[in-house]
Amino acid sequence: MAQVTLKDVTKIYDGDVLAVEQVDFQIPDESFTVLVGPSGCGKSTILRMIAGLEEITEGDIYIDDQRINDIPPKDRDIAMVFQNYALYPHMTVYKNMAFGLKLRKYPKNEIEQRVNEAAEILSISHLLSRKPKHLSGGERQRVAVGRAIVRHPKVFLFDEPLSNLDAKLRVQMRMEISRLHDRLNATIVYVTHDQVEAMTMGDQIVVLNEGEIQQIADPGTLYHKPANQFVGGFIGTPPMNFIETHIVNNGGPSKLRFENFEMELTPQLQSALIELSGDAVTLGIRPEDIHLAENPASDSKFQLASYAENRVETQVELVEPLGNHALLYLRTDKSSFVAQSDLVVDIPQHNTPLTVSFNMDKAHLFHPETGDLLSIR
């Protein structure tokens, strides 16, 4: 397999449409790297530049130590799996998987060996004589992956390959692609807009927005220490809550205030305020870190020692029972946020008052203008 390196890569369309701006990162050998972000963030453009399907406006791309900017796609030793499968309808599964090898004039016995090996890995050996119209969506996607595997490429590129599948099949194919990575020790670059796919499949995740890299990290770091509000709001289902607050200091340690509620800060969060010049700051907190203050013993995730502090009086707008937990959509006079509770009985009802408590040990502070995470000193 191989390492892929992008150095200050920029893509501009039609002279003035900036799609990707000076992205600079490395895809380690045998890693599963996911490019994730909303539509139009530049993730597919980056993938297509690696594949050679888009010209690079500025910067360089390397596979190992070889600069590939001017190397044709067919000579880059890369295999790509698309969203729409791109199978030849008049060919059998076997011929679809073998077609690229035949073009490269591989011996017949080697083609047969490679196709059969790939079919066995993907559990599609019994489908080799069928044509694509007789296959389900999941089976077609396996064939598309198999066509890539037989190439034995240095790098696999996946461009939103599961978007056309239903929810159950997506989960199944996520598992199969992850197992495939482990079995082949492959270098995989995977593009998706689905942050669940990114978090469950990637060991390195590149979060993009408007053509720029927001953060590169492993799933745990992205979730627990987002670099900015965009990452905190994009990663996680439901996303992180953000509340505009003001810093108050009445001769003691600083606190945060929004409306008529005050939040006590941990020493670590106190140190983060050093970066600010004004008194405004954005509080970020995950739904699972907002607890029911009325009956903490019944909430199995309640771990705040002094739950009487950091209380907020809210009104329940909506409840979403999800089996083993519930999402509570809450509002105050000027703010709204989501809490997650493990309660499966006595769940609060719509349009009822509810007191919650914020676990400030798990809270984050963001710059009110740039949205960047304030560093804990």
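This is a predicted model, so every value here is computed, not measured. (Residues numbered from 1 in each chain as written. Predicted model: local features only at pLDDT ≥ 70, side-chain atom pairs only at ≥ 80, totals over all residues. Heavy atoms only, no water.)

This next bit is on the nonpolar core. Core analysis: the biggest nonpolar cluster contains 45 residues, and Met97, Phe156, Phe158, Ile177 and Tyr190 have the highest contact counts within it. Top contributing element to this core by residue count: helix 4 (residues 137-149), with five residues. Not counting chain neighbours up to four residues away, the residues in contact with Tyr190 comprise Phe32, Thr33, Val34, Leu35, Phe158, Pro161, Leu162, Ile177, Glu197 and Met201. Ala272, Leu292, Val312 and Met360 belong to the second largest nonpolar core, which has 32 residues in total. (Core = buried A, V, L, I, M, F, W, Y, C linked by side-chain atoms within 4.5 Å. Buried < 20%, exposed > 50% of the residue type's maximum accessible area, 1.4 Å probe, protein only. Helix = DSSP H or I, 4+ residues; strand = E, 2+ residues; numbered from the N terminus. Contact = heavy atoms within 4.5 Å.)

Take Glu197: it is sitting in helix 6 (residues 195-201). Put simply, Glu197 is tucked away with no salt bridge, and the nearest opposite charge, on Arg170, sits 4.7 Å away. At 2.8 Å, the side chain of Glu197 and the side chain of Tyr190 are in polar contact. The contacts of Glu197, once residues within four sequence positions are left out, are Leu162, Arg170, Arg174, Tyr190, Thr192 and Gly202. (Lys, Arg positive; Asp, Glu negative; His and termini not counted. Salt bridge = Lys/Arg side-chain N within 4 Å of Asp/Glu carboxyl O. Polar contact = N/O pair within 3.5 Å; in protein donor to acceptor, adjacent residues only side chain to side chain.)

Here we come to the pattern of salt bridges. One pass over the full model with this rule turns up 11 salt bridges. A salt bridge links Arg48 to Glu54; the nearest nitrogen and oxygen atoms lie 3.4 Å apart. Overall, the relative accessible area of 28% leaves Arg48 in the partly exposed class. We classify Glu54 as buried; its relative accessible area is 18%. The salt bridge involving Asp75 is made with Lys74; its shortest N-O contact spans 3.4 Å.

Moving on to the sheet that holds strand 2 (residues 17-27). A sheet is described by the order of its strands in space; here four strands give the open sequence 2-1-4-5, paired in antiparallel fashion. With partners counted over all chains shown, the strands left at the sheet margins are strand 2 and strand 5 (66-67), one partner each. Inspection of the sheet shows strand 1 (residues 4-13) paired to strand 4 (residues 58-63) by five bridges, in the antiparallel sense. When the sheet's bridge partners are listed, Thr5 is paired in strand 4 with Tyr62. Across the sheet, helix 1 (residues 43-51) is in contact with strand 1, strand 2 and strand 4; its angle to strand 1 comes to roughly 115°. (Pairing = 2+ DSSP bridges. Axes fitted to C-alpha atoms, helices over the stretch in contact; angles between N-to-C directions.)

With that out of the way, let us pick up the environment of Asn324. Tracing the chain through its elements places Asn324 in the loop between strand 16 (311-321) and strand 17 (326-331). With 75 residues separating them along the chain, Asn324 and Asn249 place their C-alpha atoms 41 Å apart. At 2.8 Å, the side chain of Asn324 and the side chain of His325 are in polar contact.

Right, let's talk about unusual backbone geometry for a bit. The residue after Thr237, namely Pro238, is reached through a cis peptide bond having omega -5°. For Pro238, the position within the fold is in the loop between helix 8 (229-234) and strand 11 (241-248). The phi dihedral of Asp64 is positive, around 55°, even though this residue is not glycine. You can see Asp64 is positioned in the loop between strand 4 and strand 5. Taking the relative accessible area as the measure of exposure, Asp64 reaches 31% and is therefore partly exposed.

Given a rise of 1.5 Å per residue, 14 residues ought to cover 20 Å, and the 20 Å separating the end C-alpha atoms of helix 3 (residues 108-121) matches this to within 8%. Of all the residues in helix 3, the buried ones are Ile111, Arg114, Val115, Ala118 and Ala119. The buried side chains of helix 3 occupy one side of the element, clustering within an arc of 130° when seen end-on. Turned more than 90 degrees away from the buried face of helix 3 sit Asn109 and Glu120, all of them exposed. On its buried face, helix 3 sits against helix 2 (93-103) and helix 4. Ser123, located one to two residues past helix 3, shows a positive phi value of around 55°. (Expected span 1.5 Å × (residues − 1). Arc of directions from axis to C-beta.)

Below, the discussion takes up the sheet that holds strand 20 (residues 364-366). Here five strands make up an open sheet; going across it, the order is 13-12-11-14-20 and the pairing antiparallel. Strands at the two margins of the open sheet, each flanked by one partner only, are strand 13 (261-264) and strand 20. The mean inter-strand angle of the sheet, taken between neighbouring strand axes irrespective of direction, is 40°. As paired strands, strand 14 (residues 280-285) and strand 20 are joined by three bridges and run antiparallel to one another. The residue of strand 20 that forms the bridge with Gly284 is His364.

This brings us to the side chain of Asp289. You can see Asp289 is positioned in the loop between strand 14 and strand 15 (290-292). As a buried residue without a salt bridge, Asp289 has its nearest oppositely charged side chain in Lys362, at a separation of 4.2 Å. What Asp289 contacts, discounting residues up to four positions off in sequence, is Ser357, Phe358, Asn359 and Lys362.

As far as function goes, none of this settles anything; it's purely spatial.
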